[in-house]
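Survey of secondary and tertiary structure
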Amino acid sequence: MAEPNAKIPAENTDSAKGFAFALSAYLLWGFLPFFMKAVAHIPAAEVVAHRIVWSVPLAGLVLLWLGRTQELKLALKSPSMLRMAALTAVLITINWGIYVWAIGAGRAIETALGYYINPLFSIFLGAVLLKERPNNAQMVAIALAAIAVAVLAFDAGGLPWVSIGLCISWGFYAFFRKTLPIGPNQGFFLEVLLLSIPAIGYIIWLEATGQGHFGDTGVADVLWLLSCGIVTAVPLMIYANGAKLLRLSTIGIMQYIAPTMIFVIAVFVFHEPFGTAKLIAFALIWAALFVYSGAMLAESRARRAAQPAPAE
């Protein structure tokens, strides 16, 4: 869910402003299931199309306000950058589609699991694609996550495809998104701009064939669909401006806020079933994240301790 290539401050310190921005974004993402439940009567593909279309003017206005359109102009003239943006746009669309469908289908617990696993999957991707060598703690965490998925697969008679789909689509999105040499706000606008072409066509087709919900089914649906742009663009842009003011280790811990909120909402508000197998799986995931986060914090402290003291 978080914007993957936000810059870390050069001085490697946290700021109160950055923390406030990031916390606001994660809280908004954590409450997002309530919005998706409210639009569950609308097909997921239509919701995603409106998320794309109404994000374009909002993200564009933010770029104009910030005066950051020059990088975007250069990107629009670069075929290689457009190709990479098209790839990341497809991946984020898949991620949004799975998420919207899963919440409406009563599978919010599986979405929480997918986003819990995501940082561990990113380590796995780094090892496979970039030949990065995981440390012992990371290997233990990945093994625990794999066991958790195996437990769920054994219990359900098949893989938890919602969790895996969210994890893989976001993991590859974050991996390829890092190759776009533009800021996170500009990158997000470029992605939704490219996606808006098929999204507008799809919406027009739905309305022309009487299958759409933008007008024919009441004012409430129009307002819900218009709001899709707000709930999509606002958290991403708030986060993008906060993450560059925080240390990577701080972001690494804060990223668990949203899936934890989704989990609590799924179990205690949506009353989704939470049997023994899911309890075991989540216990394994939480143990994996404890090992992973503990090692990350220890490494961050050691790195800061090794830095020379500032001159008087």
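Refer to the structure above for everything that follows.
Residues numbered from 1 in each chain as written. Predicted model: local features only at pLDDT ≥ 70, side-chain atom pairs only at ≥ 80, totals over all residues. Heavy atoms only, no water.

This next bit is on a nonpolar patch on the surface. Together, L27, F31, F34, V264, F268 and V269 give the surface a local cluster of nonpolar side chains, amounting to about 540 Å² of exposed area. Elements with a minimum of two residues in the nonpolar patch: helix 1 (16–38) and helix 11 (257–268). No other element matches the three residues that helix 1 contributes to the nonpolar patch. (Patch = residues over 30% accessible without salt bridge, like charges linked within 9 Å, V, L, I, M, F, W, Y side chains within 5 Å. Areas by Shrake-Rupley, 256 points an atom, 1.4 Å probe, with all protein chains shown as cover. Salt bridge = Lys/Arg side-chain N within 4 Å of Asp/Glu carboxyl O. Helix = DSSP H or I, 4+ residues; strand = E, 2+ residues; numbered from the N terminus.)

Attention now goes to the packing of aromatic side chains. The full count for this structure, using the stated rule, is 22 aromatic pairs. For the pair W29 and Y239, a centre-to-centre distance of 5.8 Å together with 50° between the ring planes defines the contact as tilted. Here W29 is found in helix 1, whereas its partner Y239 is found in helix 9 (residues 219–243), with 210 residues between them in sequence. Linked through ring pairs, Y116, F263, F274, F282 and W286 together constitute an aromatic cluster. Here K37 stacks its cationic end above the ring of F270, 4.7 Å away from the centre of that ring. In this structure, R51 is placed above the aromatic ring of W96, and the distance from its NZ or CZ to the ring centre is 4.7 Å. (Phe/Tyr/Trp six-rings, centres within 6.5 Å; stacked < 30°, edge-to-face > 60°. Lys NZ or Arg CZ within 6 Å of the ring centre and 35° of its normal.)

If you look at the biggest cluster of nonpolar residues, it comprises 90 residues, and the most contacted ones within it are Y26, W29, M36, Y99, L120, F188 and I285. Not counting residues within four places of it along the chain, the set of residues in contact with L120 comprises A141, I142, A145, A288, L289 and Y292. (Core = buried A, V, L, I, M, F, W, Y, C linked by side-chain atoms within 4.5 Å. Buried < 20%, exposed > 50% of the residue type's maximum accessible area, 1.4 Å probe, protein only. Contact = heavy atoms within 4.5 Å.)

This next bit is on helix 1. With 23 residues, helix 1 should cover 33 Å at 1.5 Å per step; its first-to-last C-alpha distance of 33 Å lies within 8% of that length. Taken as a whole, helix 1 has its buried residues at G18, A22, A25, Y26, W29, G30, L32, P33, F35 and M36. (Expected span 1.5 Å × (residues − 1).)

A separate point is unusual backbone geometry. Positive phi is not limited to glycine here, since H271 has a value of about 55°. Relative to the assigned elements, H271 resides in the loop between helix 11 and helix 12 (276–306).

This part is about helix 9. An ideal rise of 1.5 Å per residue puts 36 Å on 25 residues; helix 9 measures up with 37 Å between its terminal C-alpha atoms. Helix geometry: helix 9 is bent most strongly at S227, by close to 25°. (Bend = angle between axes of the 7 residues up to and from the residue.)

Contact pair helix 1 / helix 11: the axes reach a minimum separation of 8 Å and the direction vectors enclose 25°. Classed by the angle they form, the pair helix 1 and helix 11 counts as roughly parallel. For helix 1 against helix 11, the interelement crossing comes out right-handed. Contacts between helix 1 and helix 11 involve L23, Y26, L27, W29, G30, F31, P33 and F34 from the first element and I257, A258, M261, I262 and I265 from the second. Taken together, the residues of the contact of helix 1 with helix 11 sort by class into 12 nonpolar, one polar and no charged. (Axes fitted to C-alpha atoms, helices over the stretch in contact; angles between N-to-C directions. Parallel < 35°, antiparallel > 145°, perpendicular 65-115°, else oblique. Left-handed = near helix turned anticlockwise from the far one by under 90°. Nonpolar A, V, L, I, M, F, W, Y, C, P; charged D, E, K, R; others polar.)

This part takes up the packing of helix 1 against helix 4 (residues 79–104). At a minimum axis separation of 8 Å, helix 1 and helix 4 run at an interaxial angle of 65°. Our pair here, helix 1 against helix 4, has a crossing hand that is right-handed. Here W29, L32, P33, M36 and K37 of helix 1 lie close against helix 4, whose contacting residues are Y99, V100, I103 and G104. Per-class residue counts for the contact of helix 1 with helix 4 are seven nonpolar, one polar and one charged.

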